[in-house]
8 protein chains.
Amino acid sequence: MSAPKLVAIVMGSQSDWKTMHHAAETLEKLGVGYSAEIVSAHRTPDRLVKFAKGAEAAGFKVIIAGAGGAAHLPGMTAAMTPLPVLGVPVETKALSGQDSLYSIVQMPAGVPVGCLAIGEAGAINAALLAAAILALDDKALATRLADWRAAQTAAVARHPE
Amino acid sequence: MSAPKLVAIVMGSQSDWKTMHHAAETLEKLGVGYSAEIVSAHRTPDRLVKFAKGAEAAGFKVIIAGAGGAAHLPGMTAAMTPLPVLGVPVETKALSGQDSLYSIVQMPAGVPVGCLAIGEAGAINAALLAAAILALDDKALATRLADWRAAQTAAVARHPE
Amino acid sequence: MSAPKLVAIVMGSQSDWKTMHHAAETLEKLGVGYSAEIVSAHRTPDRLVKFAKGAEAAGFKVIIAGAGGAAHLPGMTAAMTPLPVLGVPVETKALSGQDSLYSIVQMPAGVPVGCLAIGEAGAINAALLAAAILALDDKALATRLADWRAAQTAAVARHPE
Amino acid sequence: MSAPKLVAIVMGSQSDWKTMHHAAETLEKLGVGYSAEIVSAHRTPDRLVKFAKGAEAAGFKVIIAGAGGAAHLPGMTAAMTPLPVLGVPVETKALSGQDSLYSIVQMPAGVPVGCLAIGEAGAINAALLAAAILALDDKALATRLADWRAAQTAAVARHPE
Amino acid sequence: MSAPKLVAIVMGSQSDWKTMHHAAETLEKLGVGYSAEIVSAHRTPDRLVKFAKGAEAAGFKVIIAGAGGAAHLPGMTAAMTPLPVLGVPVETKALSGQDSLYSIVQMPAGVPVGCLAIGEAGAINAALLAAAILALDDKALATRLADWRAAQTAAVARHPE
Amino acid sequence: MSAPKLVAIVMGSQSDWKTMHHAAETLEKLGVGYSAEIVSAHRTPDRLVKFAKGAEAAGFKVIIAGAGGAAHLPGMTAAMTPLPVLGVPVETKALSGQDSLYSIVQMPAGVPVGCLAIGEAGAINAALLAAAILALDDKALATRLADWRAAQTAAVARHPE
Amino acid sequence: MSAPKLVAIVMGSQSDWKTMHHAAETLEKLGVGYSAEIVSAHRTPDRLVKFAKGAEAAGFKVIIAGAGGAAHLPGMTAAMTPLPVLGVPVETKALSGQDSLYSIVQMPAGVPVGCLAIGEAGAINAALLAAAILALDDKALATRLADWRAAQTAAVARHPE
Amino acid sequence: MSAPKLVAIVMGSQSDWKTMHHAAETLEKLGVGYSAEIVSAHRTPDRLVKFAKGAEAAGFKVIIAGAGGAAHLPGMTAAMTPLPVLGVPVETKALSGQDSLYSIVQMPAGVPVGCLAIGEAGAINAALLAAAILALDDKALATRLADWRAAQTAAVARHPE
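Worth saying up front: this structure is predicted, and the values here are computed from it rather than measured.

Asker: Any details on the overall build of chain A? Residues and values, ideally.
Answerer: A count of helices and strands for chain A gives 6 helices and 5 strands. Taken over C-alpha atoms, the radius of gyration comes to 16 Å for chain A, in line with the 15 Å a tight globule of 161 residues would show. Expressed as lengths along the three principal axes of its C-alpha atoms, the size of chain A is roughly 45 × 40 × 30 Å. Every one of the 161 residues in chain A was classed for burial, and the buried ones make up 67%. Looking at chain A alone, contacts between residues at least 24 apart form 68% of all its contacts between residues at least 6 apart. The centroid of the 13 positive side-chain charges in chain A is displaced by 3 Å from the centroid of its 13 negative side-chain charges.

See below:
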């Protein structure tokens, strides 16, 4: 994409991409530039620090962080950047993402993460929320987003079949 | 406050104010203008529609919606506004806010709500996240927010007592 | 069917029909007229308002609403109609319908939704409960319902095999 | 009250009255006649059978059944009456009514119970739903119910304090 | 079997037999006579009353009751018999038997049900517990049960493979 | 008491007595002899082994074991005695006895524990179930138990107050 | 392996090996000697006592115990050895290992078990934690462990694909 | 204390000390030197990095980390030190420490944290497990620990009162 990369999509492992690529594809549909990187809070803590502390200077405006289990990536990123951080709880094998959800949403007062739904829906919605945030200062994007939502509404059939 | 009201804080009932006033106070500390209103999705659905559809035109940039139990206010607001919506699950008597959390965070793909923690921490963090969003386009606020966070960091004692 | 459409079956998405068609089939067996429509609280909020506010005038007597995840359809419908609303929590991928259940059953005082079981059993039972409500004022239906239940009882084998 | 007793409020024990009297008071406000009885599925099974089988002949139109823990009263009543049965999960000490909720809402296909919220809100809403059911064939009640809801809407303050 | 039928295995539906046949087979291995019947608390309440009230006179000593969802069979049986009742929570689709477990184990003071594990393990153990109860007064059975347990112990391999 | 001690009540700690004394009192009302001992599976494992292996020879017929948290006492006792073991999950501070319940009820196939409700109700019911087991071979006890239950039934008031 | 067996891996049944072999393989990669045995707390309580009481004299330094359901093996082992005990909750069919987790982690004050994650991740991490413990007094192992972790870090790709 | 500080007790906030001081006191009883510091993963991320990376060089052998809610401190510490890390889930207001537990125990494969029970029991046991680890190479401590456990066993009364 040639659009400036305003959204950073980070995820804890390669396996999270199966969920997080939905965020990427949604941003693409909306014409929002992004980068997608693997940043493991636990296996690559130095990369995490470097990424989080450098995200603003790198030109990102919003960060989408997806992780599963004891999902520390969104919260730890939020601890080291002034940018808005959106978290996506990735579904897990044993606890279905309930562990991911609690690890992301239950942040203590002082360091916020905006948490979306578990799994694919959350990844798509993180992209939509990032776009809504960016659209506050980008009328063209606001229009594209409004069109996208209008199309979504129009696509809902009247009757089930 | 004389600052323009950029954040709308809405809540499902008077009793939610006990939680949501923490959002209001946090915004005040950061010099972010806001309004606080009771909008019950269930008892005042017309007010909900009017509020949500009119929020952008009213000059709001971010909406913070708090509710408890079958907490439909954040999601329904998000369904009718292009603005970013942040949800605060209010703690409930029987299920401790687990019901509020699920009702807010588990939004289907297409209509996002950024969910914060259950209760007071979530209310404070909703305000901080709203401020971080607004600060993307407001350097003075960005500075105030950075100062607030630096002060928060400095206030953490070295040793417990 | 030529019977007057006394029951409105609404659901949040096409995918809910897999569950909700059991309600439709049960009503057919009982000779109760119904309509089945997709009304997404989040993607088609205007359709929701129009449906809910117009349901009584349209001649419906009972509304069956099925939805999954942050399932706001039953409660929001109940907020805008005087008709009895029955809710069916549709099973979800990550949380198995626990999120749907809480979003439907935990309505605040003032706006009731009668919630049935998660999934197919709930859809069938919503139809049966709707029929029981209609049968209060329809002796022929009461007889058909009694026959249906007698047949159900008779169909329970004595010994497992 | 002189109104005919159209609603039977039954509960599993004396201690449930603390919750269920909210149903009674709500019916009184709406001018709906009711009786309130203790029917323990476990300690008075004969009374249960007699009550449930005789409820229709006794002139009741709707049954509201509240119980806690392994709450079998609503479901067992529904098994022995053609009348619509509404269940109220009473909050419990250890599991906060989660056990009551599952025991009431997860009825198998074939015998429906319309379940309301855990505790006081559920008791009030059971009464409101019962009234909505009765109002289908009672215009005066429909008017009273509409007035009650309008008053409820009007009573929601604009701003929290 | 020619042994006297001392244990009654009852279950809520044909589908529960997939779980409950493990109880039957375990009793057979231990030489304990049993009957297996479908008794639906909800679909055949009269059969339930007749069974439970007549169980002692029919010569049963212990009752094993398995059911799923809002599992009322064990508790309602216990309400109408002086015999010891053992409950088996059958695994369910949406809630994995958590609903069955709560509906069986959380009986109020006054009417006991001895609850075993969810699913197959619970069915086997219900048979073993029934046998242990019967063995209090049947030395031959006590010996068979001791042999069974010794064999079970001996069958545990030293090393995994 | 002069009655032979047929029931052993064991518990994991002194603090469990607050719950388990309800079992003792219930047995006393029914004229069933018992002993009450503290046997901590974790802090006194030797006492556990000695108790469990010697329980049958000591003349006990039924064991009631109460414990909280990672409640291993009932299951470990059952592993070392042929006697029927009934488990009482003691309510805990953080998880309300949900941990105790799972640790007791989810025994693997081969070693059964009959689990009662969390807390006081479970303690009372463990005593009642023990009595029902003993009553299979003790007609006088059967009569006392029947009287107790009849009195319980008679004590249920008709109307709440 | 020729390395001294410093770690004992025990598990409750053959089926747990599917999970626990990951602990064994991880220790092998790190050059840590181990033994793997089946020790069922419930089916082979004597083996449990003998193992736990003899583990220190047998030369073990750390014990890894994996079990599912009412998982008593880790806690009971800890009750009878001064060695550090690490517990692995094995995933279960109905409750997904939530029961195993509670049974292992919620040990009362006085007898500790260090609990790892449910399933495969927990088994691998138990081995890594055992190695970290042993490495406190084994510089060569410390180096191997550091290398292993460095390799793990290096293996995290920059971008998902 | 004059003993070398071998155990670092870190906690996320001042309020966690109410729980974590139990770890400190237990170490004192066992004559194990420790330091106690507040290290907030979210509010003081730089302090976290400095502490975790420097812990081994500072002479610590074991780290005990306590935190509540989205409890990232134990896992993030483990990501940056080769030392064994033990985690204590601090009880929380809304979710009772269930969130803390999941955030600590569900670490992904590769970076282990040994998790203890929620709250006070976990804090005490973390100290005991740390002592057991240190005792592997400290016979005097091993003796003190054995004495402590023997005293604990001896302190268990025979009969409840």
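Here the narrative resumes.
Asker: Any details on the relation of the copies chain B and chain A? Residues and values, ideally.
Answerer: With an RMSD of 0.0 Å, chain B superimposes on chain A once it is rotated by 180° and translated 0.0 Å along the axis. Taken together, the turn and the small shift mark the pair as related by a two-fold rotation axis.

Asker: Before we move on, can you summarise the UniProt feature "domain: PurE" (unreviewed entry) in chain A with the specific residues and values?
Answerer: The feature "domain: PurE" (unreviewed entry), as annotated in UniProt, sits at residues 5-156 of chain A in this numbering. End-to-end, the C-alpha atoms of residues 5-156 of chain A are 32 Å apart, and along that stretch the chain is 46% helix and 18% strand.

Asker: Give a description of the interface of chain G and chain H that names residues and reports values.
Answerer: Contact with chain G, which involves 38 residues of that partner, is made by 38 residues of chain H. For the pairing of chain G and chain H, the buried interface totals around 2,900 Å² over both sides, and the portion due to carbon and sulfur atoms is 60%. Per-residue buried area on chain G facing chain H is highest for G:Pro112, G:Leu136 and G:Arg149; these three make up 20% of the total on that side. For the pair chain G and chain H, the interface holds 21 residue pairs in polar contact (both at pLDDT 80 or more). Elements that contribute at least two residues to the side of chain G that touches chain H include exactly α3 (73-79), α4 (98-105), β5 (114-115), α5 (120-135) and α6 (139-154) of chain G. Take the side of chain G that touches chain H: its biggest share by element is 7 residues, from α5(G).

Asker: Just give me the short version of the packing of aromatic side chains, but keep the residues and values in it.
Answerer: All names here are of chain A. Across all of its chains, the model carries 12 aromatic pairs over all chains by this definition. Seen in terms of ring centroids, Phe51 and Phe60 are 6.4 Å apart; in terms of plane orientation they differ by 55°. Their pairing is tilted. The exposure class of Phe60 is buried, given its relative accessible area of 9%.

Asker: Account for the confidence of the model for chain A, naming residues and giving values.
Answerer: Scored by pLDDT, chain A has a mean of 97; 99% of the residues are at 70 or more. Here the complex is predicted with pTM 0.98, and the ipTM for its interfaces comes to 0.98.

Asker: Let's hear about the packing of helix α5 (residues 120-135) of chain H against helix α6 (residues 139-154) of chain H: which residues, and what values?
Answerer: Between two packed helices, both the angle of their axes relative to each other and the distance between the axes serve to describe the pair. All names here are of chain H. Between α5 and α6, the shortest axis-to-axis distance is 8 Å and the interhelical angle comes to 140°. When the interaxial angle is binned, α5 and α6 end up oblique. Once α5 is placed against α6, the crossing between them reads as left-handed. Where α5 abuts α6, its residues Leu128, Ala131, Ala132, Leu134 and Ala135 lie against Leu141, Ala142, Leu145 and Trp148. When grouped by side-chain class, the residues that make up the contact of α5 with α6 number 9 nonpolar, no polar and no charged.

Asker: Pulling in residues and values, what's your account of the environment of F:Gly31?
Answerer: Residues and elements named next belong to chain F. You can see Gly31 is positioned in the loop between α1 (17-29) and β2 (33-38). Residue Gly31 is classed as partly exposed on the basis of its relative accessible area of 34%. Linking Gly31 and Leu134, residues 103 residues apart in sequence, is a C-alpha distance of 11 Å. In this structure, Gly31 is in contact with Ala3 and Arg144, ignoring residues within four places of it in sequence.

Asker: Go over the pattern of salt bridges, please, and point to the residues and values.
Answerer: Pairs can form between side chains of opposite charge whenever their charged atoms are close. Inspection of the entire model under this criterion finds 16 salt bridges over all chains. For the salt bridge of C:Lys93 with A:Glu91, the shortest nitrogen-to-oxygen distance reads 2.9 Å. Of this pair, C:Lys93 sits in the loop between β4 (85-90) and α4 (98-105) while A:Glu91 sits in the loop between β4 (85-90) and α4 (98-105), placing the two residues on different chains.

Asker: Could you give an account of the pairing of strand β2 (residues 33-38) of chain G, with specific residues and numbers?
Answerer: Residue and element names in this part refer to chain G. Counting buried positions over the 6 residues of β2 gives 6, a clear majority of the element. Every second residue of β2 is oriented toward a common face, with Gly33, Ser35 and Glu37 on one face and Tyr34, Ala36 and Ile38 on the other, all of them buried. Pairing between strand β1 (residues 5-11) and β2: 6 bridges, direction parallel. Bridging across to β2, Ile9 finds its partner in Ala36. Chirality of the crossover, the property in question, places the unit of β1, helix α1 (residues 17-29) and β2 among those that are right-handed.

Asker: Quick rundown of the relation of the copies chain G and chain H? Include the residues and the values.
Answerer: Aligned on chain H, chain G shows an RMSD of 0.0 Å; the corresponding rotation is 180° and the shift along the axis is 0.0 Å. When the interface residues of chain G are mapped onto chain H, 100% of them again lie at the interface, so the same face is used by both copies.

Asker: A description of the UniProt feature "binding site: substrate" (unreviewed entry) in chain A should follow, citing residues and the corresponding values.
Answerer: Under the feature "binding site: substrate" (unreviewed entry), the UniProt entry names A:Ser13, A:Asp16 and A:Arg43. A stretch of 31 residues holds the annotated residues, and the largest C-alpha distance among them is 14.4 Å, short enough that they meet in one place. Secondary-structure assignment places A:Ser13 in the loop between β1 (5-11) and α1 (17-29). When near neighbours in sequence (up to four residues on either side) are disregarded, A:Ser13 contacts A:Ile38 and A:Arg43. A distance of 2.9 Å separates a polar atom in the side chain of A:Ser13 from a polar atom in the side chain of A:Ser15. With residues up to four places along the chain from it excluded, the contact list for A:Arg43 reads A:Gly12, A:Ser13, G:Gln152, G:Thr153, G:Val156, H:Ala109 and H:Val111. At 3.0 Å, the side chain of A:Arg43 and the backbone oxygen of A:Gly12 are in polar contact.

Asker: Outline the pairing of strand β3 (residues 62-68) of chain F, listing residues and values.
Answerer: Residue and element names in this part refer to chain F. Where burial is concerned, most of β3 is hidden: 6 out of the 7 residues are buried. As paired strands, strand β1 (residues 5-11) and β3 are joined by 5 bridges and run parallel to one another. Looking at the pairing, Ala8 lines up with Ile63 of β3. The pairing of β3 with strand β4 (residues 85-90) spans 6 bridges and is classified as parallel. Across the sheet, Ile64 pairs through a bridge with Leu86, a residue of β4. Tracing the backbone out of β3, into helix α3 (residues 73-79) and back to the parallel element β4 gives a crossover that is right-handed.

Calculation notes
Residues numbered from 1 in each chain as written. Chains lettered and ligands numbered in written order. Predicted model: local features only at pLDDT ≥ 70, side-chain atom pairs only at ≥ 80, totals over all residues. Heavy atoms only, no water. Helix = DSSP H or I, 4+ residues; strand = E, 2+ residues; numbered from the N terminus. Rg over C-alpha atoms; globule rule 2.2 N^0.38 Å. Buried < 20%, exposed > 50% of the residue type's maximum accessible area, 1.4 Å probe, protein only. Contact = heavy atoms within 4.5 Å. Lys, Arg positive; Asp, Glu negative; His and termini not counted. Charge placed at Lys NZ, Arg CZ, Asp CG, Glu CD. Least-squares fit on C-alpha atoms with pLDDT ≥ 70 in both. UniProt positions renumbered as here; feature names shortened; annotations may be inferred. Buried area = accessible area lost by both parts, 1.4 Å probe. Polar contact = N/O pair within 3.5 Å; in protein donor to acceptor, adjacent residues only side chain to side chain. Phe/Tyr/Trp six-rings, centres within 6.5 Å; stacked < 30°, edge-to-face > 60°. pLDDT = per-residue confidence, 0-100. Axes fitted to C-alpha atoms, helices over the stretch in contact; angles between N-to-C directions. Parallel < 35°, antiparallel > 145°, perpendicular 65-115°, else oblique. Left-handed = near helix turned anticlockwise from the far one by under 90°. Nonpolar A, V, L, I, M, F, W, Y, C, P; charged D, E, K, R; others polar. Salt bridge = Lys/Arg side-chain N within 4 Å of Asp/Glu carboxyl O. Pairing = 2+ DSSP bridges. Right-handed = clockwise from strand over helix to strand, strands pointing away.

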